Amino acid sequence: MELANIRTYTHKHCRFKLRNGKEVFGVIWEVETQAGTLTEHGGPRLFFASIRDYERLQTGPNEPVSIIDMPPEEIINVESLAS
């Protein structure tokens, strides 16, 4: 999916269908990054976490959470589960 289409779903609990066929449930958000290495380009990047880890990240930033780098091209479909 294009990043512009995904922005509608950032910071919301969603179901994501990934290119590899898996479905995952959680939250994505966008972070602006700076170029720092030869392999890392500056610009927006998406990150994914389970809803539980995302809420922990919001309320207690010192608690351990699992965050995954989620390139937009890995997402083929998204559905909001937020009410």
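Criteria and thresholds
- Residues numbered from 1 in each chain as written.
- Predicted model: local features only at pLDDT ≥ 70, side-chain atom pairs only at ≥ 80, totals over all residues.
- Heavy atoms only, no water.
- Helix = DSSP H or I, 4+ residues; strand = E, 2+ residues; numbered from the N terminus.
- Buried < 20%, exposed > 50% of the residue type's maximum accessible area, 1.4 Å probe, protein only.
- Polar contact = N/O pair within 3.5 Å; in protein donor to acceptor, adjacent residues only side chain to side chain.
- Contact = heavy atoms within 4.5 Å.
- Pairing = 2+ DSSP bridges.
- Phe/Tyr/Trp six-rings, centres within 6.5 Å; stacked < 30°, edge-to-face > 60°.

1. Considerations on the side chain of Thr-10
Right, on to step 1. With respect to the helices and strands, Thr-10 occurs in the loop between α1 (3-6) and β1 (14-18).
Right, on to step 2. Judged by its relative accessible area of 17%, Thr-10 falls in the buried class.
Right, on to step 3. Separated by 3.0 Å, the side chain of Thr-10 and the backbone oxygen of Arg-7 make a polar contact.
Right, on to step 4. Apart from residues lying up to four places away in sequence, Thr-10 is in contact with Ile-28, Trp-29 and Glu-30.

2. Some points on the sheet that holds strand β2 (residues 23-33)
Right, on to step 1. A sheet is described by the order of its strands in space; here five strands give the open sequence β4-β3-β2-β1-β5, paired in antiparallel fashion. The open sheet has two free edges, formed respectively by β4 (68-69) and β5 (75-80), since each of these has just one partner strand.
Right, on to step 2. Pairing of β1 with β5 involves five bridges; the strand directions are antiparallel. Residue pairing for β5: Arg-15 is matched across the bridge by Glu-79.

3. Considerations on the environment of Leu-18
Right, on to step 1. Position of Leu-18 relative to the elements: it lies in strand β1.
Right, on to step 2. Assessed through its relative accessible area of 10%, Leu-18 is described here as buried.
Right, on to step 3. With 60 residues separating them in the primary sequence, Leu-18 and Val-78 have C-alpha atoms 8.9 Å apart.
Right, on to step 4. Among all residues touching Leu-18, those that are not within four sequence positions of it are Val-24, Met-70, Glu-74, Ile-75 and Ile-76.

4. Some words on the packing of aromatic side chains
Right, on to step 1. Taken as a whole, this structure holds three aromatic pairs when the rule is applied.
Right, on to step 2. Here the aromatic rings of Phe-16 and Phe-48 are separated by 5.9 Å at their centres, their planes lie at 90°, and the arrangement is edge-to-face. With a gap of 32 residues between them, Phe-16 in strand β1 and Phe-48 in strand β3 (residues 43-49) connect regions that are remote in the sequence. No difference in accessibility class separates Phe-16 from Phe-48, as the two residues are buried.
Right, on to step 3. An angle of 45° between the planes, with centres 5.4 Å apart, marks the rings of Trp-29 and Tyr-54 as tilted.

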